[in-house]
Amino acid sequence: MASSFPIDNNNTYINDGLWRNASATETLIKEGLTNLSLTSVFAVDIKAGNIARALNFTTEQTQTLSLLAYEAVLPGSSYELGSVFGDRQGVTEQYPIKRIYPPVDVSFYIKYDYEVLRFFDGWMNLIAPLNGSGPGNSSYYKFNYPSVYECNINIIKFERNFRPNSEKLTKRGTAGGINDPKTYTYSLINAYPTNLISVPLSYDQSNILRTTVTFNYDRFFIQENIGNQYEKSVLGQ
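Basis of the calculations
- Residues numbered from 1 in each chain as written.
- Predicted model: local features only at pLDDT ≥ 70, side-chain atom pairs only at ≥ 80, totals over all residues.
- Heavy atoms only, no water.
- Helix = DSSP H or I, 4+ residues; strand = E, 2+ residues; numbered from the N terminus.
- Buried < 20%, exposed > 50% of the residue type's maximum accessible area, 1.4 Å probe, protein only.
- Salt bridge = Lys/Arg side-chain N within 4 Å of Asp/Glu carboxyl O.
- Polar contact = N/O pair within 3.5 Å; in protein donor to acceptor, adjacent residues only side chain to side chain.
- Phe/Tyr/Trp six-rings, centres within 6.5 Å; stacked < 30°, edge-to-face > 60°.
- Lys NZ or Arg CZ within 6 Å of the ring centre and 35° of its normal.

### What about unusual backbone geometry?
Inference 1: Unlike most non-glycine residues, Asn-56 shows phi in positive territory, near 60 degrees.
Inference 2: Topologically, Asn-56 is positioned in the loop between helix H2 (49-54) and helix H3 (59-67).
Inference 3: In this structure, Asn-190 takes a positive phi of about 55 degrees despite not being glycine.
Inference 4: You can see Asn-190 is positioned in strand S13 (residues 183-196).
Inference 5: Taking the relative accessible area as the measure of exposure, Asn-190 reaches 25% and is therefore partly exposed.

Structure follows, in structure tokens:
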């Protein structure tokens, strides 16, 4: 029985919906399956200038906090749906009525000076500082305005090959020029911590002390860097 699939002069044909060509398949595998993004190449940038000054943290200390972030997530989003009954007989229709931005968790290593704990404990206290003379019954909490404790946070995804090997160190202590890096940055607008998880301690085998902070935020937008130009996506605005 003759094949019903078309055959061209390049020995390319369609079989069960798949293109069959040796060179094309090899190129597809090399370009499509060998350039997968890695989870371990990212950066977290906390733009906590006013907050750091209120907590007496220097710029170098806040930059160190960003370096100690070892786990993060790229935020997603969803819609809350509203239902309409009776417009059409027997049909229930649903429409998006509100964009929902879920909280983002970022995990940090804790150094021996406990700067991570001091910073985020101080940030949480900055949201609702304790007022009064001390821990007695006369003390009370009073919430600050959001402008006091909110800041922007960038979660930046990039790859290891963003800089050619020949330019990684062109001079002693100086990084070379970036060769058209491709980055995908989620900018969280008006972020602030809502949960600082408990840090377990134990006499068992020693491990690196770490904690996780949950951030809430108003929305996010995406900056995609292709070449040397940043383009803000409409997503999240």
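The structure having been displayed, the exposition proceeds.
### So, the pattern of salt bridges
Inference 1: Applying the stated criterion across every chain, the model contains three salt bridges.
Inference 2: Among the salt bridges present, the one from Glu-80 reaches Lys-98, with a minimum N-O distance of 3.3 Å. With Glu-80 in strand S5 (residues 78-88) and Lys-98 in strand S6 (residues 91-100), this residue pair connects regions lying 18 residues apart in the sequence.
Inference 3: Glu-80 gets classed as partly exposed once you look at its relative accessible area, which sits at 33%.

### As for the side chain of Thr-214
Inference 1: Topologically, Thr-214 is positioned in strand S14 (residues 210-216).
Inference 2: Overall, Thr-214 belongs to the buried group, its relative accessible area being 13%.
Inference 3: A distance of 2.7 Å separates the side chain of Thr-214 from the side chain of Asp-105, its partner in a polar contact.

### Here we look at the packing of aromatic side chains
For any two aromatic rings, the description comes down to two numbers: the centre-to-centre distance and the angle of the planes.
Inference 1: For the structure on display, the rule yields 13 aromatic pairs.
Inference 2: Consider the rings of Trp-123 and Phe-215, whose centres lie 5.9 Å apart with planes at 55 degrees: the pair is tilted. With Trp-123 in helix H4 (residues 115-127) and Phe-215 in strand S14, this pair connects stretches of sequence that are 92 residues apart.
Inference 3: Among the residues examined, Phe-215 registers a relative accessible area of 1% and is labelled buried.
Inference 4: A connected cluster of aromatic rings, assembled from ring pairs, spans Phe-57, Phe-108, Phe-119, Phe-120, Trp-123 and Phe-215.
Inference 5: In this structure, Arg-210 packs its charged tip against the face of Tyr-70, placed 5.1 Å from the ring centre.

By themselves, these observations are geometric and do not establish any function.
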